[in-house]
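# Overview (structure and organization)
Chain by chain, the residues run as shown.
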Amino acid sequence: MAQASGMDPLVDMEDERPKWDNKLQYLLSCIGFAVGLGNIWRFPYLCQTYGGGAFLIPYFIALVFEGIPLFYIELAIGQRLRRGSIGVWRTISPYLGGLGLGCFSVSFLISLYYNTVLLWVLWFFLNSFQYPLPWSTCPLDLNRTGFVQECQSSGTVSYFWYRQTLNITPDINNTGTIQWKLFLCLVACWATVYLCIIRGIESTGKAIYFTALFPYVVLTIFLVRGLTLPGATEGLTYLFTPNMKFLQNPRVWLDAATQIFFSLSLAFGGHIAFASYNPPRNNCEKDAVTIALVNSMTSVYASITIFSIMGFKATNDYWRCLDRNILSLTNEFDFPELSISRDEYPEVLMYLNATQADRLAQLPLKTCHLEDFLDKSASGPGLAFIVFTEAVLHMPGASVWSVLFFGMLFTLGLSSMFGNMESVITPLFDMGILPRSIPKEGMTGMVCLVCFLSAICFTLQSGSYWLEIFDSFAASLNLIIFAFLEVVGVIYVYGMKRFCDDIEWMTGRRPSLYWQVTWKVVSPMLLFSIFLSYIILLSQTPPSYKAWNPQYEHFPSREEKLYPGWVQVTCILLSFLPSLWVPSVALAHLLYQHRQRWKDTHPESGLKPQESRSC
Amino acid sequence: MLWLLLFLVTAIHAELCHPDAENAFKVRLSIRTALGDKAYVWDTDEEYLFRAMVAFSMRKVPNRETTEISHVLLCNVTQRVSFWFVVTDPSKNHTLPAAEVQSAIRMNRNRINSAFFLDDHTLEFLKIPSTLAPPPDASVPVWIIVFGVIFCIVVVAIALLVLSGIRQRRRNNKGPLGVEDAEDKCENIITIENGIPCDPLDTKGGLINDGFLTEDERLTPL
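In this text, all values refer to a predicted model and were calculated from it rather than measured experimentally.

### Thoughts on the overall build of chain A
- When helices and strands are tallied, chain A shows 24 helices and two strands.
- Taking 25 Å as the expected radius of gyration for a compact globule of 615 residues, we find that chain A reaches 28 Å, a close match to that expectation.
- Seen along its three principal axes, the alpha-carbon backbone of chain A occupies a region of about 110 × 50 × 45 Å.
- Counting all 615 residues of chain A, 55% fall into the buried class.
- Considering only residue pairs separated by 6 or more positions, chain A has 82% of its internal contacts joining residues 24 or more positions apart.
- Approximately 26300 Å² of chain A is accessible, and the part contributed by carbon and sulfur atoms is 64%.

### Concerning the UniProt feature "binding site: Na(+)" (unreviewed entry) in chain A
All names here are of chain A.
- Following the UniProt record, one finds the feature "binding site: Na(+)" (unreviewed entry) at Gly-32, Ala-34, Val-35, Asn-39, Ser-263, Asn-295, Leu-412 and Ser-416. A maximum C-alpha distance of 12.7 Å places the annotated residues, which cover 385 residues in sequence, within one compact spot.
- Of note, Ser-263 is situated in helix α12 (residues 250-263).
- Relative to the helices and strands, Ser-416 resides in helix α19 (residues 398-431).
- With a relative accessible area of 4%, Ser-416 lands in the buried category.
- Not counting residues up to four positions away in its chain, the partners in contact with Ser-416 are Gly-32, Phe-33, Val-35, Gly-36 and Tyr-114.

### A look at the state of the cysteines
Residues and elements named next belong to chain A.
- If you walk through the whole model with that rule in mind, you get two disulfides over all chains.
- Through a disulfide, Cys-138 is tied to Cys-151; the S-S separation comes to 1.8 Å. On the sign convention where negative means left-handed, the S-S torsion of about -85 degrees between Cys-138 and Cys-151 marks this disulfide as left-handed. Here Cys-138 is found in the loop between α6 (97-127) and α7 (149-154), whereas its partner Cys-151 is found in helix α7, with 13 residues between them in sequence. For the pair formed by Cys-138 and Cys-151, the shared burial category is buried.
- The partner cysteine of Cys-321 in its disulfide is Cys-368, sulfur to sulfur 1.9 Å. In this structure, the disulfide formed by Cys-321 and Cys-368 twists by about -80 degrees around the S-S bond and is classed as left-handed. In this pair, Cys-321 sits in helix α14 (residues 284-333) while Cys-368 sits in the loop between α16 (357-361) and α17 (370-375), placing the two residues 47 residues apart along the sequence. Cys-368 shares its class with Cys-321; the two are buried.

### Quick look at the packing of aromatic side chains
Residues and elements named next belong to chain A.
- Going through the model one piece at a time under the given rule, you end up with 60 aromatic pairs over all chains.
- Where Phe-484 meets Phe-528, the ring centres are 6.2 Å apart and the plane angle is 40 degrees; that geometry is what we call tilted. With Phe-484 in helix α22 (residues 476-507) and Phe-528 in helix α23 (residues 513-540), the pair connects residues that are 44 residues apart, well separated along the chain.
- On the basis of relative accessible area, Phe-484 is assigned to the partly exposed category, the value being 28%.
- Sitting over the face of the ring of Phe-246, Lys-245 holds its NZ or CZ atom 4.7 Å from the ring centroid.
- In this structure, Arg-281 packs its charged tip against the face of Trp-505, placed 4.2 Å from the ring centre.

### Here we look at the interface of chain A and chain B
- Facing the 33 residues of chain A at the interface are 33 residues of chain B.
- A combined buried area of about 2800 Å² lies between chain A and chain B, and 68% of that area is made up of carbon and sulfur atoms.
- Counting across the interface, chain A meets chain B through two salt bridges.
- Residues Asp-334 of chain A and Lys-26 of chain B are paired through a salt bridge, measuring 4.0 Å at the closest nitrogen-oxygen approach.
- Linking chain A with chain B are nine residue pairs in polar contact (both at pLDDT 80 or more).
- Elements that contribute at least two residues to the side of chain A that touches chain B include exactly α6, α9 (180-197) and α14 of chain A.
- The class makeup of the residues in the side of chain A that touches chain B is 20 nonpolar, seven polar and six charged.

### A short note on the environment of Cys-368 of chain A
- Exposure remark for Cys-368 of chain A: the relative accessible area of 13% places this residue in the buried category.
- In this structure, the C-alpha to C-alpha distance between Cys-368 of chain A and Pro-381 of chain A, residues 13 residues apart in sequence, is 27 Å.

### A short note on the pairing of strand β2 (residues 72-75) of chain B
- The side-chain alternation of β2 of chain B yields two buried faces, one formed by Val-72 and Leu-74 of chain B and the other by Leu-73 and Cys-75 of chain B.
- Connecting β2 of chain B to the antiparallel partner strand β3 (residues 82-87) of chain B that follows it, the hairpin turn spans six residues, and Asn-76 of chain B within it adopts a positive phi of roughly 55 degrees.

### Some thoughts on the packing of α6 of chain A against α19 of chain A
All names here are of chain A.
- It is at 9 Å that the axes of α6 and α19 come closest, and there the two elements cross at 160 degrees. Relative to α19, the element α6 is oriented roughly antiparallel. In this structure, α6 crosses over α19, and the sense of that crossing is left-handed.
- Here the contact of α6 with α19 is composed, by residue class, of 19 nonpolar, eight polar and no charged.

### Looking at the pattern of salt bridges
- Under the counting rule described, the total for this entry stands at 23 salt bridges over all chains.
- Taking the shortest distance from any N to any O, the salt bridge between Glu-285 of chain A and Arg-509 of chain A comes out at 2.9 Å. In this pair, Glu-285 of chain A sits in helix α14 while Arg-509 of chain A sits in the loop between α22 and α23, placing the two residues 224 residues apart along the sequence.
- With a relative accessible area of 12%, Glu-285 of chain A lands in the buried category.
- Across the pair Arg-28 of chain B and Glu-124 of chain B runs a salt bridge whose closest N-O atoms are separated by 3.6 Å. Highlighted residues: Arg-28 of chain B in strand β1 (residues 25-29) and Glu-124 of chain B in strand β4 (residues 123-125), separated in sequence by 96 residues.
- Residue classification places Arg-28 of chain B among the buried positions, given a relative accessible area of 9%.
- According to the relative accessible area criterion, Glu-124 of chain B is partly exposed, its value standing at 22%.

### Observations regarding the environment of Met-431 of chain A
All names here are of chain A.
- Position of Met-431 relative to the elements: it lies in helix α19.
- Of the residues examined, Met-431 reaches a relative accessible area of 29% and is grouped as partly exposed.
- Between the C-alpha atom of Met-431 and that of Ile-86, which follows or precedes it by 345 residues, the distance is 7.8 Å.
- Not counting residues within four places of it along the chain, the set of residues in contact with Met-431 comprises Ile-86 and Arg-90.

### Thoughts on the nonpolar core
- One finds Trp-190, Leu-409, Met-421 and Phe-499 of chain A to be the most contacted residues of the largest nonpolar core, which totals 183 residues.
- It is α6 of chain A that provides the largest number of residues to this core, a total of 18 residues.
- Not counting residues up to four positions away in its chain, the partners in contact with Trp-190 of chain A are Ser-111, Asn-115, Met-417, Met-421, Cys-448, Cys-451, Phe-452 and Ala-455 of chain A.
- Residues Trp-42, Ala-55, Val-101 and Ile-105 of chain B belong to the second largest nonpolar core, which totals 28 residues.

### Thoughts on the sheet that holds β1 of chain B
Residues and elements named next belong to chain B.
- Spatially, β2-β3-β1-β4 is the arrangement adopted by the four strands of the open sheet, whose pairing is antiparallel. This sheet does not close on itself; its edge strands, each paired only once, are β2 and β4. In this sheet, adjacent strand axes meet at a mean angle of 25 degrees when their direction is disregarded.
- Two elements, β1 and β3, share four bridges in a ladder whose sense is antiparallel. Residue pairing across strands places Lys-26 opposite Trp-84, the latter belonging to β3.
- Of the strands in this sheet, β1, β2, β3 and β4 are in contact with helix α3 (residues 44-59), which crosses β2 at around 140 degrees.

### Here we look at the UniProt feature "transmembrane region" (unreviewed entry) in chain B
- Taken from the UniProt record, the annotation "transmembrane region" (unreviewed entry) applies to residues 140-163 of chain B.
- Taken end to end, residues 140-163 of chain B is 92% helix and 0% strand, and its first and last C-alpha atoms sit 33 Å apart.

Cut-offs and rules
Residues numbered from 1 in each chain as written. Chains lettered and ligands numbered in written order. Predicted model: local features only at pLDDT ≥ 70, side-chain atom pairs only at ≥ 80, totals over all residues. Heavy atoms only, no water. Helix = DSSP H or I, 4+ residues; strand = E, 2+ residues; numbered from the N terminus. Rg over C-alpha atoms; globule rule 2.2 N^0.38 Å. Buried < 20%, exposed > 50% of the residue type's maximum accessible area, 1.4 Å probe, protein only. Contact = heavy atoms within 4.5 Å. Areas by Shrake-Rupley, 256 points an atom, 1.4 Å probe, with all protein chains shown as cover. UniProt positions renumbered as here; feature names shortened; annotations may be inferred. Disulfide = S-S within 2.5 Å. Phe/Tyr/Trp six-rings, centres within 6.5 Å; stacked < 30°, edge-to-face > 60°. Lys NZ or Arg CZ within 6 Å of the ring centre and 35° of its normal. Buried area = accessible area lost by both parts, 1.4 Å probe. Salt bridge = Lys/Arg side-chain N within 4 Å of Asp/Glu carboxyl O. Polar contact = N/O pair within 3.5 Å; in protein donor to acceptor, adjacent residues only side chain to side chain. Nonpolar A, V, L, I, M, F, W, Y, C, P; charged D, E, K, R; others polar. Pairing = 2+ DSSP bridges. Axes fitted to C-alpha atoms, helices over the stretch in contact; angles between N-to-C directions. Parallel < 35°, antiparallel > 145°, perpendicular 65-115°, else oblique. Left-handed = near helix turned anticlockwise from the far one by under 90°. Core = buried A, V, L, I, M, F, W, Y, C linked by side-chain atoms within 4.5 Å.

Pasting the structure below:
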C-alpha cells in the first residue's frame with residue numbers, strides 16, 4: 001500500500017504543475033543540460049589519448065548499451081510520476097527515498113564547483129575586450145629592465161592563469177586570502193544564474209533558446225575559421241587517424257563508459273525534473289534517443305573544431321621553434337638576415353655540423369618535431385584557459401575570437417547549470433519545505449544565496465585545488481551508485497511490467513526487446529563494472545595533486561604532491577556521504593515501519609481512547 | 001709620409017676597435033625583419049648616421065660635450081648587419097669607459113631607434129639592457145567596465161522580474177474579491193425564486209404573467 005500512496009492514476013488531467021511552453025523548450029533544456037563543458041574539453045582529449053578515431057568505437061558502444069537506456073529510464077519515470085527526484089523515488093518505494101536525497105545533495109555540490117568554473121570563464125571573457133590581450137605579454141619587473149622572473153620561466157599564458165587570475169598558493173594547506181576579482185565574478189555568475197532560474201522553467205525556458213543554440217553558432221564559426229588556418233589539416237589527420245591497438249587497453253573502455261555517463265548528466269535528477277513538466281502523453285522514447293544522439297554528435301563536432309585549432313597551434317609552435325633556431329644560427333655565424341628559410345634549415349644544420357661543429361655545440365638549439373607539438377594534449381580547464389588562449393593569441397583578430405570562445409563556454413556552462421539548479425529546486429518545491437506564502441522568486445533566491453555563500457571558498461587562493469578535489473571525488477562514485485540504484489529501483493522494485501505498461505500508455509508503444517534486455521541485464525552490469533574499476537583505480541594510486549610552485553626545481557612543471565591527511569579524509573567523505581542517504585533513509589523507514597507494526601499489535605499499551613482507529 | 005700616417009691611423013683604429021675589445025659593444029640590426037619590403041641597404045652612409053647618433057648621445061653626458069663623429073669607431077661589419085663600436089676620447093688614444101657609453105645609449109635609445117625606423121628588438125645593443133616601456137595602463141581596467149555593464153543589466157532585470165511577480169500576485173489576490181462584488185450587485189437588481197425572476201411587470205404587455213408556473217411544470221416529476 002505504501003508504494004501506491006503518492007502515485008496518480010494515468011489520466012490526461014490538467015494539474016497545477018508548471019509546464020513547458022512547447023516541446024522545443026523541453027528538448028533544448030535537456031540538450032543544454034547534457035551538452036556542457038565536458039563535450040568541449042574532455043571528449044577531444046580522450047579521442048586524442050586513445051588512438052583518435054578508434055575511440056569512437058567504444059564510445060558508441062557505451063552510448064548504445066549504457067547511455068541511451070539509462071537516459072530513457074530517467075525521462076520516462078519523471079514523466080510518469082511527475083515529481084522531482086526526491087518525490088519520484090519516495091513514490092516508488094519509501095526505502096528508496098534516500099536515493100532522491102542523495103541525487104539532490106550531489107547536484108548541490110556539483111552546482112557549487114561548476115559555477116566556479118563558469119566564473120573563471122567569465123573572468124577570461126571580461127578580459128577579452130581589449131587589444132592586446134592581457135595574457136600576451138608578461139608584466140615588467142621592478143626596475144623595468146626585463147619581465148617578471150616567474151613569467152619568463154613559465155610563459156605568459158600560464159603566468160596570467162596561475163598568478164594574475166588564481167594567485168595560486170604552492171600548497172593546498174596554505175589557503176591564502178579571497179581574491180576580490182574572482183569574488184566579484186562569483187557574484188555576477190550567481191546573479192546571472194538567479195536571473196535565469198528565477199521562476200523555474202518559466203524563466204529558464206526563455207533563456208534556453210539563447211544559451212542552448214549560441215554555442216552551436218560559435219562552434220560553426222570556429223570550425224570555418226579553424227579549417228582555414230594553416231596547420232589545421234595536419235592536426236585533424238594526426239588526431240583523427242584511428243590507431244586500433246589502443247582498443248586492447250581496458251582503460252579505453254572504462255573511460256568511454258564513464259565519459260558517456262557523465263556527458264549525458266545521468267543520475268543528477270535534472271532530467272527527471274525536466275521530464276516531470278511534460279504533458280503525460282509524450283513520446284519520451286524518441287526524446288531520449290534524439291537528445292543522446294545530439295549530445296554525442298556535438299562532442300564529435302566540437303572535437304573537429306578543437307583539433308583543427310590545436311593543429312594550427314602545434315604548427316605555429318613548430319614554426320616558432322624553427323625560427324628561434326634559425327635566428328640563433330644567423331646571429332652566431334653572421335649570415336644575412338632571413339637568408340635561411342624553414343625548409344633549408346636541416347641542410348644548413350648538417351653543413352654547419354660538418355664544418356663548424358664546436359661553435360654549433362655551444363648554441364642552445366632545440367630539436368623541433370611537429371609530432372611532439374601535436375602530441376601535447378590537455379583536457380579540462382588546462383585546455384580552455386592555457387592551450388586555447390595561447391592559440392587565440394596567434395589568430396588575426398585575437399580579441400574577437402577570444403570573446404566568442406569564452407562567450408560560448410559561458411553559455412554552455414550556464415545551460416548545464418539550469419539543469420543542476422532544477423534538480424535542486426524541483427525536489428524542494430515538491431516536498432513543500434517552505435510555506436506557500438513565500439513566492440517562487442524568494443525560494444530560488446534563497447537557494448542561489450546559499451550556493452553563493454558556500455562557493456566563496458573556491459575564490460580563495462587554494463580554490464582551484466579544492467575544485468579538482470570536488471570534481472574528482474564528489475561526483476564520480478556517487479553518481480554511479482545512484483544510477484545503478486535507479487535502474488534496479490525502476491526495473492525490479494517498481495516492476496518491469498508496470499513500467500512497460502506506463503510507457504505504452506505514454507508513448508503508444510511497448511518497449512522493445514532491446515530496451516528490456518539493456519535495462520534488465522546490460523546496463524546494471526556495465527555500471528557495476530565501472531564502479532568496481534573506479535574503486536580499484538582509486539585504491540591503487542594514492543591521491544595526489546599537481547601544485548604550481550615557483551620555487552620548484554623543475555618549474556614550470558607542476559610539482560606532484562600528496563594530499564595531507566585531513567584533505568584525504570575530506571575526499572573520502574565527499575565520495576561516500578551523499579550515498580549514505582540511501583541506507584540511512586531505508587533504515588529510518590524500516591524502524592518507522594517496525595514501530596507502526598508494534599503499535600498496531602499492542603493497542604492497549606499506552607493508547608488513549610481518541611487514538612483508536614475508526615472502522 | 002701620407003701613407004705612413006694612414007697606416008698608423010688604421011693600426012690605431014684596429015687596436016682600439018676589434019671584437020671583444022675593452023669598452024667595445026656589439027650592435028645587431030634586423031632591418032628586413034622590421035621593415036620587410038621597405039628595408040634599406042646598410043651602407044657606409046648609414047654607418048655615418050650611426051656614428052653621428054652615438055656621438056650625439058655621448059654629447060649629452062656631462063664632461064663629454066666635445067665628442068665628435070670621428071671619435072666613434074666602427075669595425076667588423078658583417079652581412080648580418082652586425083658590427084662593433086667604441087668611443088674614443090679626443091686624443092684617440094684610449095676608449096671611453098663602458099659604463100659611460102652604456103648610460104648614454106640608454107638615455108637616448110628612443111632617438112637612436114627612431115633614426116633607423118627600428119625598435120628595441122630589431123636594433124640590439126648586446127650587453128646594454130633597454131628600459132622597457134611600461135604597458136599602456138588604462139586608469140580603469142577594461143574588465144571592470146564590462147563587468148559593471150553586465151552586472152547592472154542583470155540586477156535591473158532581476159528587479160523587474162521580481163516586481164512584476166509581486167504585481168501579478170497582488171492582482172491575483174484582488175481578482176476573487178472583485179468577482180464577489182459583482183455578484184452582490186446582481187443580487188440587488190434581480191431576485192430569483194424557483195429559477196424565475198420575480199419581475200411581474202413584464203414589458204410584453206401583460207399577456208404573460210411570469211409569476212405563475214406554466215402548465216408543464218404543474219406536476220412535479222416522479
